[in-house]
Structures are given as C-alpha cells and as structure tokens.
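So the chains spell out like this:
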Amino acid sequence: KYRRELQLRKKCHNELVRLKGNIRVIARVRPITKEDGEGPKAANVVTFDPDDDAIIHLLHKGKPVSFELDKVFSPGASQQDVFQEVQALITSCIDGFNVCIFAYGQTGAGKTYTMEGTLENPGINQRALQLLFSEVQEKAADWEYTITVSVTEIYNEVLRDLLGTEPQEKLEIRLCPDGSGRLYVPGLTEFRVQSVDDINKVFEFGHNNRTTEFTNMNEHSSRSHALLIVTVRGRDCSTGLRTTGKLNLVDLAGSERVGKSGAEGSRLREAQHINKSLSALGDVIAALRSRQGHVPFRNSKLTYLLQDSLNGDSKTLMVVQVSPVEKNSGETLYSLRFAERVRSVELGPGSRHTELRSWSSQEHLELEPACQTPQPS
Ligand code: ADP
Ligand code: MG
C-alpha cells in the first residue's frame, strides 16, 4: 500500500516538473551603498524593464547588454519579497522533495545578505526554518515531523562540519551501503531544531567554529562555500508512511575572477578551487536542465555532496547577486552570463512558453494534496 502511495506522489511530482522544469534562475540587485564610494565608478549601470520583471539591462563599458532570467529583483525588493518567491520551494521539502537554493555572485554583491541577512532583517535561512516550523505545526494532527540542521563549509575542496566538536576534521562523502544511490557524510553533526531560539544557537555555534581558525574572516568567507542543510523527516501517524526532504541553503564563494598576475601561492590555489567548483556547479545545472544523460556531479565536492538534492525530482533555485555600480560591471556581466548559460538551456518543445514561470503556491497546491494524502485502501 505504501509503495503505491509513494508511486502516486512521485507521478504527480514528475508531472509538475514536466510542466515547469525544476531549475530556476533569478537575479537580485543590491542597492548602492556607502562602500561603493562616489564619482563615475560608483554610478548605477543596471536598469530594469517596467513591463517584464524577468529582464535586466546592464551598461558595460558604454554598451547596453540585456539578459532574460526567470525573475529579477531590483534594489527596492525586501527580504520578504525575495522569500515570497522561494516559499513554495521550501515547503515542498515537507512533502519529501529535495531542494537547493544557491546565492551566486562576486564578493560584496549581497549573497550573505540574501541567505543570512541581518539580525533585524533576516534572510532566507532563518525565514525558511520559521516557515517549516509553522507548516509542520499545522500538520501536527496527522503527521510527526523532526527538523534537523547541519552547518558545513567547503574550502579548498575540503568539507568541514561546523557544528562538530572538531571542525578542523575533514569530512568524506560516501555512497549509502543500501544500494539506493544516495550519498551520506559519516560523522556530520545534525542538530534537532524546534524554535527560533534553537536556530539562533545553532547559527551562532557554526559561526564561531568558522571564525576561530581564520584571522581574516571576511576573506575566508568569500573564498569558501557555506552550507546550511535542513532535513525534514515526516511520519504519517495513521499509515506509518515516511518522508524525508532536504533543503540545502548555499552561500557560494565569491565568483570574482582572479587575474593570473595578481595571485600567487595560497591565494591562487583558493581561486583555482573556487573557479573549479563554480564551473562544475554551472555544468551540472546546465546538464540537468538540458536533460543530458551524463551529469558530471563528481567534478567538485560541492556538486558531489549535493548530488541527490540536484538530480531527479529535486528543485533548484539559483539567486544571482548583482552589484549595480560601474566599477563592478565586468563581474556583473560575467555573473549574468553564468546565469543565462545555466538557464537558457532548452527545456524541450516550446521552451519558455510551456514552462511556467514560477512555483507559485497555487500551482503547488493543485497537485500536492492528491499526492500527499494517502487514501485508505
Ligand atoms: P557577499 O556575501 O556577496 O560578499 P554581502 O551580503 O556581504 O555580500 O553584501 C555586501 C554589503 O551590501 C553588506 O554590507 C550588505 O549588508 C549590503 N547589502 C547587500 N544586499 C543588500 C540589500 N538587498 N539591501 C541592503 N543592503 C544590502
Ligand atoms: Mg558573504
């Protein structure tokens, strides 16, 4: 009986994916800040299309270039506006789906602001957990859920557990021995969280672990990928049906290119590792989007770790962070090209027009209840 229910869920979900594709790429442009300075170098070079919120225009070296993504957030967009866009994705892990949200862009473009945010104005990470708490609360009559989090970083292709007692230790990624093809990380700490208080404690613990070893935390954080991995395990109280969904929230290393002349030694090594893993991520997403048979997951730690949250019926959102000022226009061009490359892979007949532009909760709800509520047999 349970197998039949699961098959039904899967079928419904595959239909959803067929309709709209499971990878979306959006851009978020940060406001101009004091740090951008003054004068022509700090002039705004990014504009928007008043009639189409998927278009962004960039003036690079005096030449206009336009890009089409799934959606573009201008500097006026609030944390809540951005969260609204990703909400449906997040709740889908309650129904057993795996989700990845990446913040991509050069250092200073707003990746950490979008993912972590500030104390007064938290970003996706905290809002996601709060949303999960309230959603599982609502289902508490029929389902039992546990929500756990892991905090890790990947630096120079080394994976570290930031919630462990020995954060210096390197972690390995292994294939599950059960033959399911899933991956796991032996020794990775998972903390159960039940309240905002718990989240704050976990974040603080992870943050402290991350900072102690490095003298310049800002530099370090811009050269490593920071991952918050949320696992939602559910059990239907009446049928015993179990679901597991994983939400991976990733603040990527800065995408800025390091000139050959400018970097030596450890700085060059870092740059090579970052470059390799970001292009591996781009390759994997492009391969998944174009439904290629071979997806090169193993080319980086990041894509290997996230393999089972990127493939199959998983959902991915890439938030490309953009600085609006002239002095960054070269990097902005590069980031938007990356975004477009990842996104513009053909999705099959009709491409964009058959592909629905957002996972709105409405669409989600239309299909989900039938999949999710097991009928007594
Ligand atoms: P990154 O993580 O990409 O290096 P940050 O998130 O640290 O960049 O952002 C750089 C600076 O810009 C920070 O001071 C941050 O508070 C500010 N900032 C970024 N995005 C926004 C935004 N949408 N609204 C207000 N301030 C922002
Ligand atoms: Mg950052």
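Shown above is the structure to which this text applies.
These figures come from a predicted structure and were not determined experimentally. (Residues numbered from 1 in each chain as written. Chains lettered and ligands numbered in written order. Predicted model: local features only at pLDDT ≥ 70, side-chain atom pairs only at ≥ 80, totals over all residues. Heavy atoms only, no water.)

**Remarks on the overall build of the chain**
Going by this rule: Labels follow the DSSP assignment, with helices taken as runs of H or I lasting at least four residues and strands as runs of E lasting at least two, numbered in each case from the N terminus. For the exposure calls, accessible area comes from a 1.4 Å probe over protein chains only, and a residue counts as buried if that area is under 20% of its type's maximum, exposed if over 50%, partly exposed in between. For the accessible areas, the method is Shrake-Rupley and the probe is 1.4 Å, while residue cover comes only from the protein chains on display.
Along its length, the chain carries eleven helices and 15 strands. Evaluated residue by residue, the chain yields a buried proportion of 53% over its 377 residues. Working note: accessible area of the chain is about 18000 Å², and carbon and sulfur atoms make up 50% of it.

**A few points about the side chain of Asn-328**
For Asn-328, the position within the fold is in the loop between strand 15 (315–322) and helix 10 (329–343). Exposure remark for Asn-328: the relative accessible area of 14% places this residue in the buried category.

**Let's talk about the layout of surface pockets**
Defined as follows: Note on definitions: the grid is 1 Å and covers protein atoms alone; a cavity is a set of points where a 1.4 Å probe fits but cannot get out; a pocket is an open set with protein on both sides within 12 Å along at least five of seven lines; lining residues have an atom within 4 Å of a point. Grid points are joined across faces, edges and corners, and a volume is the space filled by probe spheres set on the points. Under the scheme applied here, ten amino acids are nonpolar (Ala, Val, Leu, Ile, Met, Phe, Trp, Tyr, Cys and Pro), four are charged (Asp, Glu, Lys and Arg), and all others, including Gly, are polar.
As a volume, the second largest pocket reaches approximately 520 Å³. Lining of the second largest pocket is provided by 23 residues; of these, Glu-116, Asn-125, Phe-203, Glu-204 and His-207 occupy positions nearest its centre. Every element with two or more residues in the lining of the second largest pocket is listed here: helix 4 (124–138), strand 7 (143–155), helix 5 (196–212), strand 13 (225–236) and strand 14 (242–251). Among the residues making up the lining of the second largest pocket, the classes are represented as eleven nonpolar, eight polar and four charged.

**Considering helix 7 (residues 265–289)**
Our working rule: For a helix, the expected span equals 1.5 Å multiplied by the residue count minus one.
The end-to-end C-alpha distance of helix 7 is 36 Å, a good match for the 36 Å that 25 residues give at a rise of 1.5 Å each. Phi for Arg-291, located one or two positions after helix 7, is positive at around 55°.

**A few points about helix 5**
Our working definition: What the arc covers is the set of directions going from the helix axis to the C-beta atoms. Two residues qualify as a contact provided that any one of their heavy atoms is within 4.5 Å of a heavy atom in the partner residue.
Taking 1.5 Å per residue, 17 residues should reach 24 Å; helix 5 reaches 24 Å between its end C-alpha atoms and fits that length. Restricting attention to buried positions, one finds in helix 5 the residues Ile-199, Val-202, Gly-206, Asn-209 and Arg-210. Viewed end-on, helix 5 has its buried residues packed into an arc of 100°, placing them on one side of the element. Exposed residues pointing more than 90 degrees away from the buried face of helix 5 are listed as Asp-197, Lys-201 and Thr-212. Those residues of helix 5 that are buried are in contact with helix 4, strand 7, strand 8 (158–161), strand 12 (191–192), helix 6 (217–222) and strand 13.

**Notes on the packing of helix 7 against helix 10**
A pair of packed helices can be characterised by two numbers: the angle between their axes and the separation between those axes. Cut-off, in case you're wondering: Interaxial angles span 0 to 180 degrees and are taken between N-to-C directions of axes, which are lines fitted to C-alpha atoms, for helices over the stretch in contact. When an angle is under 35 degrees it counts as roughly parallel; over 145 it counts as roughly antiparallel; between 65 and 115 it counts as roughly perpendicular; any other value is oblique.
Packing of helix 7 against helix 10 leaves a shortest axis separation of 8 Å and a crossing angle of 30°. The orientation of helix 7 relative to helix 10 falls into the category roughly parallel. Along the contact surface, helix 7 presents Asn-275, Leu-278, Gly-282, Asp-283, Ile-285, Ala-286 and Arg-289, while helix 10 presents Tyr-334, Phe-338, Arg-341, Val-342 and Arg-343. In terms of residue class, the contact of helix 7 with helix 10 is built from six nonpolar, two polar and four charged.

**Here's the deal with the site of ligand 1**
Going by this rule: Only a single heavy atom is needed: when it lies within 4 Å of a molecule or strand, its residue is near that molecule or strand. Throughout this description, a polar contact denotes any pair of N or O atoms lying within 3.5 Å of each other; where both atoms belong to protein, one of them has to be capable of donating a hydrogen while the other can accept it, and for residues adjacent in sequence the pair is counted only when both atoms sit in side chains.
Lining the immediate environment of ligand 1, one finds Arg-28, Arg-30, Pro-31, Gln-106, Thr-107, Gly-108, Ala-109, Gly-110, Lys-111, Thr-112 and Tyr-113. Within the backbone of Gly-110, one N or O atom sits 3.0 Å away from an oxygen atom of ligand 1. Lys-111 is positioned with one of its side-chain polar atoms (N or O) 2.8 Å from an oxygen atom of ligand 1. Contact with the protein chains covers 69% of the free accessible surface of ligand 1, which is 550 Å². Considering each element in turn, the shell around ligand 1 owes the most residues, three residues, to helix 3 (residues 111–115).

**A short note on the pairing of strand 15**
Put simply, the rule reads: Strands pair, by our definition, only if DSSP identifies at least two bridges between them.
Most of strand 15 is tucked away: eight of the eight residues are buried. With burial as the criterion, each face of strand 15 is covered, one bearing Lys-315, Leu-317, Val-319 and Gln-321 and the other bearing Thr-316, Met-318, Val-320 and Val-322. By the bridge criterion, seven bridges tie strand 1 (residues 23–29) to strand 15 in an arrangement that is parallel. The residue of strand 15 that forms the bridge with Ile-23 is Thr-316. In this sheet, strand 15 lies alongside strand 6 (residues 99–104) in parallel orientation, the contact comprising six bridges. For Ala-103, the partnering residue across the bridge sits in strand 15 and is Val-319.

**Points about the nonpolar core**
What counts is decided by this rule: Only buried residues count toward a nonpolar core, which is a set of Ala, Val, Leu, Ile, Met, Phe, Trp, Tyr and Cys residues joined through side-chain atoms within 4.5 Å.
In this structure, Phe-102, Leu-227, Leu-252, Leu-302, Leu-306, Leu-310 and Met-318 are the most contacted members of the largest nonpolar core, which totals 47 residues. Contributions of two or more residues to this core are made by strand 1, strand 3 (52–60), strand 6, strand 13, helix 7, helix 8 (301–305), strand 15 and helix 10. For this core, the leading source of residues is helix 7, giving seven residues. In contact with Leu-302, other than residues within four places in its own chain, are Ile-154, His-225, Leu-227, Val-250, Leu-252 and Leu-281. Counting 39 residues, the second largest nonpolar core, distinct from the first, contains Phe-83, Ile-90, Leu-249 and Val-319.

**Thoughts on the packing of aromatic side chains**
Note the threshold: Only Phe, Tyr and Trp rings are paired, with Trp represented by its six-membered ring, and only when their centres lie within 6.5 Å; those with planes under 30 degrees apart are stacked, over 60 edge-to-face, the remainder tilted. Here, over-ring charges are defined by two tests on the NZ atom of lysine or the CZ atom of arginine: distance to the ring centre within 6 Å, and angle to the ring normal within 35 degrees.
One pass over the full model with this rule turns up three aromatic pairs. Where Trp-143 meets Tyr-145, the ring centres are 5.7 Å apart and the plane angle is 15°; that geometry is what we call stacked. Both residues of the pair, Trp-143 and Tyr-145, count as buried. When the ring centre of Tyr-334 is taken as reference, the NZ or CZ atom of Arg-257 above it lies at 4.3 Å. For the cation-ring pair, Lys-315 lies above Phe-97, with the distance from its terminal atom to the ring centre recorded as 5.3 Å.

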